[in-house]
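For reference, the chains in residue letters:
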Amino acid sequence: MKHNLPTTIALLSRTPAALEALLHDLPEEWTFSNEGDDTWSPYDVVGHLIHGERTDWMPRARTILQFREDRTFEPFDRLAQVRESRGKSLGQLLDEFAGLRSENLGELQALNLQPQDLARRGRHPALGVVTLSELLATWTVHDLTHLHQISRVMAHQYREAVGPWSAYLGVLQCTGHSSP
C-alpha cells in the first residue's frame, strides 16, 4: 500500500478514541504495569505519544516544507514522557493527547498538501534524507506500533494467569518494542 494522505488522516484521527476506549478508568494494575525493567507501561506510552505530537510530526513536517534538506530535524527525546507526565493522571494525558492530535490534524489538513509537497525532502539526524510522505506514513505506523505495544503490555500482566492457553495467544509470544 502506498502512502495516501486521506487514509493517513483517517487512521491518525482514530487513535485518541481507541486509547480512550481501551484505557480510560481502568485500574492502575492495567495502566501502570509494564513488562519489566526498562519497558513502558500504557501510561508511559501515552506520555510518549504526547511528546511526539508536540515535538516530532508536525514540527518536522513544517521543517521539510520550509527548509527542505537544509535543516536537520531536532533529535527526538524518546524518554521525555518521564519528566513531562510527572504528576498527571492518565485521564489528563488522554485528554491532552486528544487535544494535541486534533490540533495537529487540523494544521495538517490546512496545509492542503499536494503530491509535489509530499515528495519534498528533509533531513533526519540519524536516517538522513526522508520525504514528507515517509514522515506522515511513519506517524501512522508509529501509532499502530504503540497501540500494539499497549495491548501486548496489558496481555503480559495475565501471562501466568492464562495457564496452558498461552501457547495459543500470539500476543504473549510477541517481544520487543518496549525498550526505548
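**A word on unusual backbone geometry**
Thinking step 1. A positive phi angle is found at Asp25, which is not glycine, with a value near 65°.
Thinking step 2. Position of Asp25 relative to the elements: it lies in the loop between α2 (15–23) and α3 (28–31).
Thinking step 3. With relative accessibility at 69%, the residue Asp25 sits in the exposed group.
Thinking step 4. Even without glycine at this site, Arg68 takes up a positive phi of about 55°.
Thinking step 5. Mapped onto the fold, Arg68 is located in the loop between α5 (57–67) and α6 (81–84).
Thinking step 6. Judged by relative accessible area, which is 41%, Arg68 ranks as partly exposed.

**Structural notes on the confidence of the model for the chain**
Thinking step 1. Of all residues in the chain, 97% have pLDDT values of 70 or greater, and the mean over the chain is 93.
Thinking step 2. Within the chain, α6 has the poorest average pLDDT of any element, 86, and α2 the best, 98.

**What about the pairing of strand β1 (residues 121–124)?**
Thinking step 1. Burial of β1 is one-sided: the residues Gly122 and His124 facing one way are buried, the residues Arg121 and Arg123 facing the other way are not.
Thinking step 2. In terms of strand pairing, β1 meets strand β2 (residues 128–131) through four bridges, oriented antiparallel. The residue of β2 that forms the bridge with His124 is Gly128.
Thinking step 3. Hairpin remark: β1 followed by β2, antiparallel, with three residues in the connecting loop.

**Some points on empty space enclosed by the protein**
Thinking step 1. Within this structure, the stated rule accounts for one cavity of 30 Å³ or more.
Thinking step 2. Contributing to the lining of the largest cavity are Gly47, Ile50, Arg54, Glu84, Ser85, Lys88, Leu93 and Glu96.
Thinking step 3. Elements represented by at least two residues in the lining of the largest cavity include exactly α4 (42–55) and α7 (90–110).
Thinking step 4. Considering each element in turn, the lining of the largest cavity owes the most residues, three residues, to α4.
Thinking step 5. Here the lining of the largest cavity is composed, by residue class, of two nonpolar, two polar and four charged.

**Observations concerning the packing of aromatic side chains**
Thinking step 1. Under the criterion given, the structure shown has three aromatic pairs.
Thinking step 2. A centroid spacing of 5.0 Å and a plane angle of 65° characterise the contact between Trp30 and Tyr158, whose relative ring orientation is edge-to-face. Highlighted residues: Trp30 in helix α3 and Tyr158 in the loop between α9 (132–156) and α10 (170–173), separated in sequence by 128 residues.
Thinking step 3. We classify Tyr158 as partly exposed; its relative accessible area is 48%.
Thinking step 4. On the basis of an interplanar angle of 25° and a centroid distance of 4.5 Å, the ring pair of Phe32 and Tyr43 is categorised as stacked. In this pair, Phe32 is assigned in the loop between α3 and α4 and Tyr43 in helix α4, connecting sequence segments eleven residues apart.
Thinking step 5. Note on Phe32: relative accessible area 38%, which makes it partly exposed.
Thinking step 6. Judged by its relative accessible area of 9%, Tyr43 is buried.
Thinking step 7. It is Arg71 that lies over the ring of Phe67; its NZ or CZ is 3.6 Å from the centre.

About the cut-offs
Residues numbered from 1 in each chain as written. Predicted model: local features only at pLDDT ≥ 70, side-chain atom pairs only at ≥ 80, totals over all residues. Heavy atoms only, no water. Helix = DSSP H or I, 4+ residues; strand = E, 2+ residues; numbered from the N terminus. Buried < 20%, exposed > 50% of the residue type's maximum accessible area, 1.4 Å probe, protein only. pLDDT = per-residue confidence, 0-100. Pairing = 2+ DSSP bridges. 1 Å grid on protein atoms, 1.4 Å probe; cavity = no way out; pocket = protein on both sides within 12 Å on 5 of 7 lines; lining within 4 Å. Points joined across faces, edges and corners; volume = space filled by probe spheres on them. Nonpolar A, V, L, I, M, F, W, Y, C, P; charged D, E, K, R; others polar. Phe/Tyr/Trp six-rings, centres within 6.5 Å; stacked < 30°, edge-to-face > 60°. Lys NZ or Arg CZ within 6 Å of the ring centre and 35° of its normal.

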